[in-house]
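# Report on the structure
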Amino acid sequence: MARMKFLCDTERCIECNGCVTACKNENETPWGVNRRRVVTVNDGVPGEKSVSVACMHCSDAPCMAVCPTDCFYKTEEGVVLHNKDACIGCGYCFFACPFGAPQFPNGPAAFGVRGKMDKCTFCAGGPEENGSKAEFEKYGRNRLAEGKLPLCAEMCSTKALLAGDAPVVSDIYRERVARRGKAGEAWGWNTAYGKPEQAQERTQERAREQNREGAK
Amino acid sequence: MKKALFLALTATVGLAACGEYSQVPNYKQGNYQGKSDTRPWEGDKFAGNKQAWENDLRARNQGQTEYNRIK
């Protein structure tokens, strides 16, 4: 098993917010905390694109670097988790994160007091016994320990949101791109997931198609 | 007068930036000090069988591609 990652296929995301709802329900996150959100670019304009965003479980996570209490840790599967017992709710991680993943519940507190940070755990719980009540109350469901993937991805109706082992997820995405003939606008073929030989094959195939059309 | 002016100028140029100190903080990589976490395959369901856990996850992973269903 390599490294756990999310990938949202912007060509498939229909902004149904099913991932957001699934996450909120599965992890029973408090009012005001959405571990996952759907962002739409050029909303209402033909050709709009939506992308589902949560913690990206960065390889070199800025939240880990700035935390004054060093409450973050990374599991063997590359999932970035944190210990809520050590979190002081300072909000540094919120400012450091480029995806706005860390969230702060304030509940009924006055003057906007921040609670302990809450973020996507890749449905992997936290530093408590797997599947325990304490783990669920603090971090949400530990689906990974049940041999399951995060619910947001598994619930995705169009399978736009993929989760799991990074090479497998990349292969799934690559096969899609090869079949439909184009990548999403946000994720370029050659940027991260394209194998050069596949790009070459596709170019040759296109050239052959054009020749055939020309011959007609 | 000239000598005094020369000394003053030399001292100004020579001693300039002597009080300057590095303003770049020394960054130290912190280490996680909290509770240790159990690994996903160490729960009730898999009882430490990493292979079984990986197989389950692999099956779930492959379930995400609908092309497998039409093969």
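Residues numbered from 1 in each chain as written. Chains lettered and ligands numbered in written order. Predicted model: local features only at pLDDT ≥ 70, side-chain atom pairs only at ≥ 80, totals over all residues. Heavy atoms only, no water.

Turning our attention to the overall build of chain B. Along its length, chain B carries two helices and zero strands. With respect to the three principal axes, the spread of C-alpha positions in chain B is 95 × 35 × 15 Å. Residue burial in chain B is summarised as follows: out of 71 residues, 17% are buried. Accessible surface, chain B as shown: approximately 5900 Å² in total, 57% of it carbon and sulfur. Across chain B, 11 positive and 7 negative side-chain charges occur, with their mean positions spaced 11 Å apart. (Helix = DSSP H or I, 4+ residues; strand = E, 2+ residues; numbered from the N terminus. Buried < 20%, exposed > 50% of the residue type's maximum accessible area, 1.4 Å probe, protein only. Areas by Shrake-Rupley, 256 points an atom, 1.4 Å probe, with all protein chains shown as cover. Lys, Arg positive; Asp, Glu negative; His and termini not counted. Charge placed at Lys NZ, Arg CZ, Asp CG, Glu CD.)

The next subject is the overall build of chain A. From N to C terminus, chain A includes eight helices and six strands. Walking chain A from its N terminus toward its C terminus, one meets helices and strands in the order β-α-β-β-α-β-β-α-α-α-β-α-α-α. Counting the 216 residues in chain A, one finds 47% classified as buried. Total accessible area on chain A is roughly 10700 Å²; 53% of this is exposed by carbon and sulfur atoms.

At the interface, 33 residues of chain B touch 40 residues of chain A. Between chain B and chain A, roughly 2900 Å² of surface is buried when both sides are summed, and carbon and sulfur atoms account for 50% of that area. If you sort the residues of chain B by the area they bury against chain A, B:Tyr32, B:Gln64 and B:Tyr67 come out on top, with a joint share of 24%. Linking chain B with chain A are five salt bridges. Here A:Glu128 makes a salt bridge to B:Lys35, at a shortest N to O gap of 2.6 Å. The interface formed by chain B and chain A holds 11 residue pairs in polar contact (both at pLDDT 80 or more) in total. Residues belonging to the side of chain B that touches chain A are distributed by class as follows: nine nonpolar, 12 polar and 12 charged. (Contact = heavy atoms within 4.5 Å. Buried area = accessible area lost by both parts, 1.4 Å probe. Salt bridge = Lys/Arg side-chain N within 4 Å of Asp/Glu carboxyl O. Polar contact = N/O pair within 3.5 Å; in protein donor to acceptor, adjacent residues only side chain to side chain. Nonpolar A, V, L, I, M, F, W, Y, C, P; charged D, E, K, R; others polar.)

Below, the discussion takes up unusual backbone geometry. Residues and elements named next belong to chain A. One non-glycine residue, glutamate 28, lies in positive phi territory at about 45°. Positive phi outside glycine occurs at lysine 159, with the angle close to 55°. The topology assignment puts lysine 159 in the loop between helix H5 (151-155) and strand E6 (161-165).

This brings us to helix H2 (residues 50-62) of chain B. Its 13 residues give H2(B) an end-to-end C-alpha distance of 18 Å, which sits within 8% of 18 Å, the value for a rise of 1.5 Å per residue. Taken together, the buried positions of H2(B) are occupied by B:Trp53, B:Glu54, B:Leu57 and B:Asn61. Burial along H2(B) is one-sided: seen end-on, the buried residues are contained in an arc of 95°. Among the structural elements, strand E1 (4-8), E6 and helix H6 (166-180) of chain A are those in contact with the buried residues of H2(B). (Expected span 1.5 Å × (residues − 1). Arc of directions from axis to C-beta.)

Moving on: the confidence of the model for chain B. Looking at chain B, the pLDDT average stands at 84 and 99% of residues meet or exceed 70. Across the whole predicted complex the pTM is 0.78, and at the interface the ipTM reaches 0.77. (pLDDT = per-residue confidence, 0-100.)

It is worth spelling out the side chain of B:Thr65 at this point. Its place among the elements puts B:Thr65 in the segment after H2. Residues contacting B:Thr65, with those up to four places away along its chain left out, are A:Ile172 and A:Glu175.

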